[in-house]
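Structural overview
One-letter residues, chain by chain:
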Amino acid sequence: MAVIPTLDVVRRSLFSAMGNKFVGLENFASVLTNESFFLAVKNTGRFLLLCIPLLLTLSLLTASLLMRQRWCQSLLKTTYLLPMVIPVTSVVLIIQAVFSKNGLLSALCTLFGKTPVDWLNSEYAFFVLVLCYLWKNFGYNVVLWMAGLSAIPNELYEAARIDGANEWQCFLHITLPQLKPTVFMTTVLALINSFKVFREAYLVAGRYPHNSIYMLQHILSNWFTNLDMQKISAAAVLLMAAICLAVFFIARLSARKGESL
Amino acid sequence: MHLKKIIATFLVFTLLLSCYACSKPSGQRASIESKGRYMEDKISLPLPDDATQQALIGMNATANGMEYFTMSSSGTEGSYHTFYYRHTIADDGSISTTPEKWLEDCAPQSGNQLSLVRAADGTLYFTFGDYDENSKAQNHIFISRDDGQTCFELKGNGIGVCSMIVALAPLDDGRIAVQDMDGSVLLLDAEGNLADELGAGAYNGGIAAYENKVAVLAPSGKAVRVYDLTGSESVDWDIDIPEDSASKMEFSDDGTLYLACPSGLYSHTPDGTIWEIFVDGDTTNLGIPSFYISYLAVIRGEKDVIYVADYEDGLYRYAYDPEAAQIASMELDVFSLVENDMVRHAMVAFNRQRSDVKVKYTVASDLAGGGTNADYIKALNTGLLAGDGPDVIILDGLPLDSYIEKGVLADIGEVVSSADAMLPNIRQAYEENGVLYAIPLGIRLPVAITKGDVNAFASLSALADAAEATTGADVLSSIAYSYETLSTMLLENYGDALYSGDDVKAFLQGAKRISDSIGSTEALGEGLDLSFQISEDELHEMLLADQFFPQIYAYVLGKAQSTIFDIGGLDDSACMAGTSVAEQYGGSLCGIGGRFMAVGLAGVNKASGELETAKDFLRMLLSLEIQGSQSYRSRCFPVNQEALASLFAKESSNCSTGYHVDDEHEVYGEWPSAPMRAQIMRMIEQANTPMTDNAELKGMLLPAIVSYLDGSRTLDEAAEAVTSVLSTYLLE
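Residues numbered from 1 in each chain as written. Chains lettered and ligands numbered in written order. Predicted model: local features only at pLDDT ≥ 70, side-chain atom pairs only at ≥ 80, totals over all residues. Heavy atoms only, no water.

A few words now on the overall build of chain B. When helices and strands are counted, chain B shows 20 helices and 37 strands. For 732 residues, the compact-globule estimate of 2.2 N^0.38 gives 27 Å, and the C-alpha radius of gyration of chain B, at 30 Å, lies within 12% of that figure. Seen through its C-alpha atoms, chain B measures out along the principal axes to roughly 95 × 85 × 45 Å. Expressed as a percentage of its 732 residues, the buried residues of chain B come to 52%. Accessible surface for chain B amounts to roughly 32600 Å². Of this, 49% is attributable to carbon and sulfur atoms. Here chain B contributes 46 positively and 107 negatively charged side chains, and the mean placements of these two sets differ by 7 Å. (Helix = DSSP H or I, 4+ residues; strand = E, 2+ residues; numbered from the N terminus. Rg over C-alpha atoms; globule rule 2.2 N^0.38 Å. Buried < 20%, exposed > 50% of the residue type's maximum accessible area, 1.4 Å probe, protein only. Areas by Shrake-Rupley, 256 points an atom, 1.4 Å probe, with all protein chains shown as cover. Lys, Arg positive; Asp, Glu negative; His and termini not counted. Charge placed at Lys NZ, Arg CZ, Asp CG, Glu CD.)

This part takes up the sheet that holds strand β14 (residues 207-210) of chain B. All names here are of chain B. An order of β14-β15-β16-β17 is seen for the four strands of this open sheet, with the pairing classed as antiparallel. A single partner strand is all that each edge strand has here, and the edge strands are β14 and β17 (234-238). For this sheet, the mean inter-axis angle between neighbouring strands, taken without regard to orientation, is 20°. Note that strand β16 (residues 223-228) and β17 share five bridges and pair antiparallel. Its bridge partner lying in β17, V226 is registered against V235. (Pairing = 2+ DSSP bridges. Axes fitted to C-alpha atoms, helices over the stretch in contact; angles between N-to-C directions.)

Residues and elements named next belong to chain A. With the rule as written, the count across this model stands at zero disulfides over all chains. Free of any disulfide, C132 has its nearest neighbouring cysteine sulfur in C51, separated by 9.7 Å. On the accessibility criterion, C132 (7% relative accessible area) is buried. (Disulfide = S-S within 2.5 Å.)

The subject of this paragraph is the sheet that holds strand β10 (residues 165-170) of chain B. Residues and elements named next belong to chain B. Taken in spatial order, the four strands make up an open sheet running β10-β11-β12-β13, and their pairing is antiparallel. Bordering the open sheet on either side are β10 and β13 (194-200), each of which pairs with just one other strand. The mean angle between the axes of side-by-side strands here comes to 20°, regardless of whether they run parallel or antiparallel. Direction of pairing for strand β11 (residues 176-180) relative to strand β12 (residues 184-188): antiparallel, over a ladder of four bridges.

You can see S16 of chain A is positioned in the loop between α1 (3-12) and α2 (26-32). Discounting chain neighbours no more than four positions away, the residues touching S16 of chain A are K21, V23 and Q230 of chain A. (Contact = heavy atoms within 4.5 Å.)

Moving on: the interface of chain A and chain B. Contact residues are listed per partner, giving 25 residues for chain A and 22 residues for chain B. The junction of chain A with chain B conceals about 2000 Å² of combined surface from both sides, 57% of it contributed by carbon and sulfur atoms. Run the count over chain A and chain B and you get two salt bridges. D228 of chain A is the salt-bridge partner of K406 of chain B, the closest N and O atoms lying 2.6 Å from each other. Those elements that provide at least two residues to the side of chain A that touches chain B are α1, α3 (35-68), α12 (216-225) and α13 (229-260) of chain A. Examining the composition of the side of chain A that touches chain B, we find that six residues originate from one element, α12 of chain A, more than from any other. Residue composition of the side of chain A that touches chain B, by class: 12 nonpolar, eight polar and five charged. (Buried area = accessible area lost by both parts, 1.4 Å probe. Salt bridge = Lys/Arg side-chain N within 4 Å of Asp/Glu carboxyl O. Nonpolar A, V, L, I, M, F, W, Y, C, P; charged D, E, K, R; others polar.)

Residue and element names in this part refer to chain B. Formed by 114 residues in total, the largest nonpolar core has its most connected members in Y403, F617 and I680. Of the residues forming this core, the biggest block, seven residues, is contributed by helix α13 (residues 548-556). Apart from residues lying up to four places away in sequence, I680 is in contact with L445, I567, L570, C575, T579, L589, F637 and F648. Membership of the second largest hydrophobic core comes to 46 residues, among which are V504, I564, C590 and A718. (Core = buried A, V, L, I, M, F, W, Y, C linked by side-chain atoms within 4.5 Å.)

What follows deals with helix α4 (residues 373-385) of chain B. All names here are of chain B. Helix length check: α4, at 13 residues, gives a terminal C-alpha distance of 18 Å against a target of 18 Å (1.5 Å per residue), a fit within 8%. Every buried residue of α4 is accounted for by A374, Y376, I377, K378, L380, N381, G383, L384 and L385. Just downstream of α4 lies G387, where phi reads positive at about 75°. (Expected span 1.5 Å × (residues − 1).)

Below, the discussion takes up the pattern of salt bridges. Residue and element names in this part refer to chain B. For the structure on display, the rule yields 35 salt bridges over all chains. Between R86 and D147 there is a salt bridge whose closest N-O contact spans 3.0 Å. Taken together, the residues span a long stretch of sequence, with R86 in strand β4 (residues 81-89) and D147 in the loop between β8 (137-144) and β9 (152-153) at a distance of 61 residues. A salt bridge links K512 to D516, with the shortest nitrogen-to-oxygen separation between them at 3.9 Å. One end of the pair is K512 and the other is D516, both in helix α11 (residues 504-518) and four residues apart, which spans about a single turn. By relative accessible area, which is 48% here, D516 ends up partly exposed.

What follows concerns the packing of helix α9 (residues 483-494) of chain B against helix α19 (residues 695-709) of chain B. All names here are of chain B. Between α9 and α19, the shortest axis-to-axis distance is 9 Å and the interhelical angle comes to 125°. Taken together, the axis directions place α9 and α19 in an arrangement best described as oblique. For the pair α9 and α19, the crossing hand works out as right-handed. Judged by residue contacts, Y483, E484, L486, S487, T488, L491 and E492 of α9 engage K698, L701, L702, I705, V706 and L709 from α19. Split by residue class, the contact of α9 with α19 holds eight nonpolar, two polar and three charged. (Parallel < 35°, antiparallel > 145°, perpendicular 65-115°, else oblique. Left-handed = near helix turned anticlockwise from the far one by under 90°.)

Time to look at the packing of α3 of chain A against helix α10 (residues 180-195) of chain A. Residues and elements named next belong to chain A. Where α3 contacts α10, the two axes come as close as 10 Å, and the packing angle between them is 135°. Viewed along their axes, α3 and α10 adopt a mutual orientation that is oblique. α10 is crossed by α3, and the crossing has right-handed handedness. Packed against α3, whose contacting residues are T44, F47, L48, I52, L55 and L56, the element α10 presents T186, T187, A190, L191, S194 and F195 at the interface.

A word on the packing of aromatic side chains. For any pair of aromatic rings, geometry is given as the distance between the ring centres together with the angle between the planes. Under the counting rule described, the total for this entry stands at 27 aromatic pairs over all chains. Look at F37 of chain A and W223 of chain A: their rings are 6.1 Å apart centre to centre, the planes differ by 15°, and that puts the pair in the stacked class. Residue F37 of chain A is found in helix α3, and its partner W223 of chain A is found in helix α12; the two are separated by 186 residues along the sequence. Per residue, the accessibility class of F37 of chain A equals that of W223 of chain A, and both read buried. Between F126 of chain B and F128 of chain B, the aromatic rings sit 5.3 Å apart at their centres with planes inclined by 40°, giving tilted as the arrangement. Residue F126 of chain B is classed as buried on the basis of its relative accessible area of 0%. In this structure F128 of chain B comes out as buried when scored by relative accessible area, which is 2%. When the ring centre of F126 of chain A is taken as reference, the NZ or CZ atom of R46 of chain A above it lies at 3.8 Å. Here the guanidinium or amino end of K451 of chain B rests over the ring plane of Y555 of chain B, the centre of that ring lying 4.6 Å away. (Phe/Tyr/Trp six-rings, centres within 6.5 Å; stacked < 30°, edge-to-face > 60°. Lys NZ or Arg CZ within 6 Å of the ring centre and 35° of its normal.)

Another aspect to go through is the pairing of strand β35 (residues 656-660) of chain B. All names here are of chain B. Only one face of β35 is buried, namely the one carrying T657 and Y659, since none of S656, G658 and H660 on the opposite face is buried. Strand direction decides the pairing type here: β35 and strand β36 (residues 666-670), joined by five bridges, are antiparallel. Paired with T657 across the bridge in β36 is G669. Taking the residues between adjacent antiparallel strands as the criterion, β35 and β36 are bridged by five residues.

With that out of the way, let us pick up a nonpolar patch on the surface. Residue and element names in this part refer to chain A. Taken together, L50, L54, L58 and F127 make up a surface patch of nonpolar side chains, about 330 Å² in accessible area. A total of three residues in the nonpolar patch trace back to one element, the largest contributor, which is α3. Summarising the element assignment, L58 is placed in helix α3. (Patch = residues over 30% accessible without salt bridge, like charges linked within 9 Å, V, L, I, M, F, W, Y side chains within 5 Å.)

Next up on the list: the environment of P322 of chain B. Residue and element names in this part refer to chain B. Of note, P322 is situated in strand β24 (residues 315-325). It is 9.7 Å that separates the C-alpha atoms of P322 and M39, two residues lying 283 residues apart in sequence. With residues up to four places along the chain from it excluded, the contact list for P322 reads K35 and G36.

Now the structure itself:
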């Protein structure tokens, strides 16, 4: 069922906006020379490069620590999942209450004699979005890692310890190689979830947010409002290619990493 | 293997079937040849001699035809006299008018909620409210059993129980059902004593009585409640009446209940269980938002004839036309983001002309779901891309340039040429290389009144020069212009170059020069010394709601040399007050560099399955009939030359506005004088530059501009912030 719409997008990327005139690669040229598109690509790339490694690392470390902590583990797991079930509008309200110019954080700044900052309309907006993404997805990733960690046989650790391996060596030579399938799945899910952060960005700052959080979804949404279907299609084809490449690269990397380890 | 082949064949068949179903052109709609349906006609009542206007106070079906009771007043303030008339329209269409002296005796000074109802036995009931010497509201019910020869007033105790009677329905046995302003439904005996309290109803839903039944609209507005007076029970006949709208109801001789509301005319037989809609509100005046249903009457016949009156004495007759198409064979879709009154009027007129076409008007902002404009535009775009877009598009707030570039809009040059003559300057302003894709249905004008040089308003730099060169009163007043309101006004009137990304610094510098010269601050209304006591918050709210008042205040008291505002009609409050200020306190009226604001920018979807019909509808929108009947709600000047000339030739005393400035100064505005009208007409004929209305971009640019005006950003920083927004926006 996904093939026909995908093929239609590819077709539309080669035609004019209303789909009645073949224009070859003109739409791709138009997208690739569009400065706003590059700003969006740059921001999205920066966001992915910062968020995904940070999320994976932090959640893996937390999951490893939690695995040792048997007490209240299931309660903690449930607690970690709570951000996933909070409606996005509530999250946005919280963001605005904390980070707007008259919000909590600015009030704290004023309390300490600093000038209030409009966090959502400055370069800081990017980091607010990063924080929001980490907060929302951290618990979910911890649970995913824990599922992977619990599948590792305990005998492997016991044998390694008998052979004199320390904690770090166990982690490096047993945990990581055994998590190979989980790494791939968690990374791909983190990548997919990273695109969902647009909802927060859109609801917090609208169609034209501060330049630092102007993402690919913003430009695609705005193009659609302007009926630039040809540009959206071309950008979607480019994006699809980039994601396929990234997934392929991650798959190869996790496979190679597993082999070398 | 065999099973796989069967499944594959089935899937291919399903796919082909889906493709066929999807490819069926929307224009091919089933044609139904059945004929006969109710059609609407407007009825004009003659204006009595010496009366300039009249108000309808009653409408009843009689054996002699329909009778209408009207009221008109004459005289000067303090010595008004009220006259009453009865107009009877016989079946052959002849109209006879007689004065009703007995009503003058009953209510010589007029009153509130006047209503005259005839009972089945011919008795006339006249009710109204007024105030006694202690300013206490009181009701009156007069009865005439000899058709107005004599009358007497009911004095029963039930009359004083009502807060203010808004509707009355006499029963066959002499009892009277009344509804008051609070919605309470009471039953009075023949002497006016309280006989029963029936319950509550919606106060604007009307009341009707038949034999021993009384019908009112339930307080929820979602049912008609019929009380059976022989017992104590009532029954609800469910009907979905649009919220906050007026409706009226009336029983016919056979007990069928008729109901008129914005969604149409309905009937409900005594033994029936459902309402039958026989006139669609969308295709008649009933559906026009400004139409306020005030009376309903029914004349029995083979097919009953229904009469409906609206608050502003518009009378309409709904009669069965055996030749009209029963069901429209074609549907024409009209889309706009916000409600447009002219489209509503055109729908009615078009339906009269083409009963085979049903015009469906979609106002995106009225749709349930509470989306943003961007959401509605995306939904529209999806339809356009799928080839299922509306036939006529009102482009206000839509990406016009993008639609033109993508080839969404058809060339309407020929349509406009064949329509009634329209202003050539407005047409030229929208022509691109001789092709016309969109045309406004009306325009608004930004204007200034100044005691200085009228050329100062031609450009931002000229205004800045004038602001700096002025000695004495400032060009504009800081009372009316805080940093934010000044930036907004400048963006609206001079922001076109900025929106296109040109000369950001020049705009900022111009704004700063004006702001510094007039001494703007963060606060709005600073220095406004009002004689009435209101809190700061209330003042701020008031000033934001009516930004014209502080300008008038400053101008009248000599604190400013000029005011800038926009006008959209001669009876527009700003227009009447502005022209009056210019005449009372001196000053010249001038335009702002030939700019104008388009209202109701209309275009036709090139891919429409009903292209010719869509063009006909556009012709209707531009016709003298529609352009000439623009109501106050339209808030724009017509673009039709004849309609405009007729409007400007008119004299009117029906409208006025006023501002209390201080104890010594007042502004009393009326219909503009002939010289002022001539000047406004000249400005309309010279307007050649459409203003950009981009609320979203304006909202994004304002903080950066304000931050420069208040000094929290340097010129370079503010320019960078503005450019940053513009670059993302423009380069998309």
